[in-house]
Amino acid sequence: MAGNNEKQSLVGLIFSAPVLLGLVGVGCMVYGVAEGFKVMQFFFGVCIVLGSVGLHFIRKKDWDAHWKEMEQVREAHEKRMTEEVEKKK
């Protein structure tokens, strides 16, 4: 069973959105070079590859922890602002 789960995760990793987008980007770059260095095809390929790398890092980030931290910062700011308003009174 464990081997089956590992296979599924590997297959899922191979066919994930960032990997497929990266392959499309590499394909665009190869096509651009193969057709006499078409600059626009190569440029779009580079943009797609950079976008897929960015997507990988965005999906990797722990967003729940990020939003929890942002909520704590907001609450601390609101507390500080209410204390300043009370001091002025």
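Okay, so let's go over this structure.

The rules we used
Residues numbered from 1 in each chain as written. Predicted model: local features only at pLDDT ≥ 70, side-chain atom pairs only at ≥ 80, totals over all residues. Heavy atoms only, no water. Helix = DSSP H or I, 4+ residues; strand = E, 2+ residues; numbered from the N terminus. Rg over C-alpha atoms; globule rule 2.2 N^0.38 Å. Buried < 20%, exposed > 50% of the residue type's maximum accessible area, 1.4 Å probe, protein only. Contact = heavy atoms within 4.5 Å. Areas by Shrake-Rupley, 256 points an atom, 1.4 Å probe, with all protein chains shown as cover. Phe/Tyr/Trp six-rings, centres within 6.5 Å; stacked < 30°, edge-to-face > 60°. Salt bridge = Lys/Arg side-chain N within 4 Å of Asp/Glu carboxyl O.

Bringing the overall build of the protein into the picture now. Secondary structure assignment for the protein yields four helices and zero strands. For the protein, whose C-alpha radius of gyration is 23 Å, the value lies well above the compact-globule estimate of 12 Å for 89 residues. Judged by the C-alpha coordinates and their principal axes, the protein covers about 75 × 50 × 10 Å. Split into buried and exposed, the 89 residues of the protein put 10% on the buried side. Of the contacts made within the protein by residues no fewer than 6 positions apart, 39% connect residues no fewer than 24 positions apart. Taken as a whole, the protein presents about 7600 Å² of accessible surface, with 67% of it coming from carbon and sulfur.

This structure, assessed with the given rule, holds two aromatic pairs. Ring centres of Phe 37 and Phe 42 lie 5.4 Å apart, and the angle between their planes is 40 degrees; this geometry places the pair in the tilted category. Taking the centre distance of 5.7 Å and the plane angle of 55 degrees together, the rings of Phe 43 and Phe 44 count as tilted.

By the definition in use, this model includes two salt bridges. Two residues, Arg 74 and Glu 78, come together in a salt bridge whose shortest N-O distance is 2.5 Å. Of this pair, Arg 74 and Glu 78 both sit in helix α4 (residues 63-88), four residues apart, which is roughly one turn of the helix. Residues joined by salt bridges that share partners form a network here, namely Glu 71, Arg 74 and Glu 78.

Shape is all these values report; function is a separate question.
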